[in-house]
Amino acid sequence: MHRNLSGRVARIAAGLLAGVALIAAPALQAAEEKAAEGHESHGVDWQGWKAGNQINDATSLQRGASNFMNYCAGCHSLKYMRYERMAKDLRIGDEQLRKNLLPAGAKTTDYILASFPKAEAEAWFGRQPPDLSLITRSKGSDYVFQFLKGFYLDETKATKTDNLALPGAAMPAVLSDLEGVKRVVFGHGESAHGGKNVERFDEVQAGSMTPAQYDVFVRDTVNFLQYVGEPSQVDRVSIGIWVLLFLAVFTGFAWMLKKEYWKDVH
Ligand code: HEC
């Protein structure tokens, strides 16, 4: 009897310990990662940069759409997306669409096509600016975030810049007015992720935005591109919220009903 009880206590204790371990593990891991970051603090972990965008943040998506139309649509198309669909999904009013986003001469039913003539783009950049409809799906949102923050001064290149995420990139640093211009001081060997090992950035010219503002600009743009890659995501998130609400209300009713039934049993 006695032994049995202590056996059970031991089992419960073991169970509790396992539970604590389960809860503590992620915290421990986070602490370890932090410590590791501390170790590498003399370098820039640019491949660890995360977009951190929220696909259900409507204002971020609206800003991203505006960023795209103003800074990217000259060269890049979104060939599966019509202006009117974008406006509807992102809750952009007709007037705002026409005034701020629609290029001169375009109709709301048009697809979002680049204004730069294809043949000329080839001649200018030596490469066609790709359609960006599926870019976050093929390369990931974090990658696009790193790419847009990865331009640095390199006088040996035709565009006077190179890119950490895409070495030899034919795209010019079209956001340098906002971000500023930076030089990269490379460290020895490769980074922990197998990319270029960056010791530090040196600012050559300040941009019109602070680094934090530029991060928001890039995050919004990436958010918009992620939406374009799968437009139904935006609907799905809001449907998901309604499903959860329904389940919560339904559970409440079921519980009340159960109480009602069992009231008379006693
Ligand atoms: C002046 C023309 C031009 C503008 C404006 C421009 N791009 Fe590009 N972009 C290019 C070209 C050219 C390439 C092809 C680069 C290559 O393959 O080397 C490219 C490639 C890309 C890629 C693909 C990178 C890869 O890994 O293949 C992304 C993502 C991208 N651009 C995003 C943007 C965004 C976002 C904007 C707006 C903020 C923008 N671009 C504005 C010309 C442009």
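For clarity, every value in this text was computed on a predicted model and none was experimentally measured.

**Considering the overall build of the protein chain**
Each helix and strand counted, the protein chain has 10 helices and six strands in total. The proportion of buried residues among the 266 residues of the protein chain is 31%. Restricting to contacts in the protein chain with at least 6 residues of sequence separation, those with at least 24 account for 68%. Accessible surface for the protein chain amounts to roughly 17,300 Å². Of this, 60% is attributable to carbon and sulfur atoms.

**Focus on unusual backbone geometry**
The residue Arg91 is not glycine, and still its phi comes out positive at about 55 degrees. With respect to the helices and strands, Arg91 occurs in the loop between α3 (83-89) and α4 (94-101). Positive phi values are uncommon outside glycine, yet Lys160 reaches one of about 65 degrees. Position of Lys160 relative to the elements: it lies in the loop between β3 (151-153) and β4 (161-163). On the accessibility criterion, Lys160 (45% relative accessible area) is partly exposed.

**Remarks on the site of the ligand**
In the neighbourhood of the ligand, 21 residues make up the surrounding shell, with Cys72, Cys75, His76, Tyr143 and Met171 lying closest. Within the contact set of the ligand, an oxygen atom lies 2.7 Å away from a side-chain nitrogen or oxygen of Lys139. Here an oxygen atom of the ligand sits 2.4 Å away from a polar atom, N or O, in the side chain of Tyr143. At three residues, helix α7 (residues 141-148) tops the list of elements feeding residues into the shell around the ligand. Here the shell around the ligand is composed, by residue class, of 17 nonpolar, two polar and two charged.

**Thoughts on the coordination of the iron atom of the ligand**
Of the protein atoms, only His76 (NE2) and Met171 (SD) coordinate the iron atom of the ligand, at distances of 1.9 to 2.2 Å. In this structure, the iron atom of the ligand is coordinated by six donor atoms arranged in octahedral fashion, with angles at the metal of 86 to 177 degrees. Residue His76 is located in the loop between α2 (58-71) and β1 (78-82), and its partner Met171 is located in the loop between β4 and α8 (176-179); the two are separated by 95 residues in the primary sequence.

**Digging into the packing of α7 against helix α9 (residues 211-229)**
The description of two packed helices rests on the angle between their axes and on the distance between the axes. Between α7 and α9, whose axes approach to 10 Å, the crossing angle comes to 140 degrees. As the angle between them shows, α7 and α9 are arranged oblique. Considering only the axes of α7 and α9, their crossing is right-handed. On α9, the residues that touch Ser141, Val144, Phe145 and Leu148 of α7 are Tyr214, Asp215, Val218, Arg219, Thr221, Val222, Leu225 and Gln226.

Calculation rules
- Residues numbered from 1 in each chain as written.
- Predicted model: local features only at pLDDT ≥ 70, side-chain atom pairs only at ≥ 80, totals over all residues.
- Heavy atoms only, no water.
- Helix = DSSP H or I, 4+ residues; strand = E, 2+ residues; numbered from the N terminus.
- Buried < 20%, exposed > 50% of the residue type's maximum accessible area, 1.4 Å probe, protein only.
- Contact = heavy atoms within 4.5 Å.
- Areas by Shrake-Rupley, 256 points an atom, 1.4 Å probe, with all protein chains shown as cover.
- Near = heavy atom within 4 Å.
- Polar contact = N/O pair within 3.5 Å; in protein donor to acceptor, adjacent residues only side chain to side chain.
- Nonpolar A, V, L, I, M, F, W, Y, C, P; charged D, E, K, R; others polar.
- Donors = N, O, S within 2.8 Å, 3.2 Å for Na, K, Ca; no water.
- Tetrahedral: all angles 85-135°; square planar, octahedral: opposite > 155°, others 65-115°.
- Axes fitted to C-alpha atoms, helices over the stretch in contact; angles between N-to-C directions.
- Parallel < 35°, antiparallel > 145°, perpendicular 65-115°, else oblique.
- Left-handed = near helix turned anticlockwise from the far one by under 90°.

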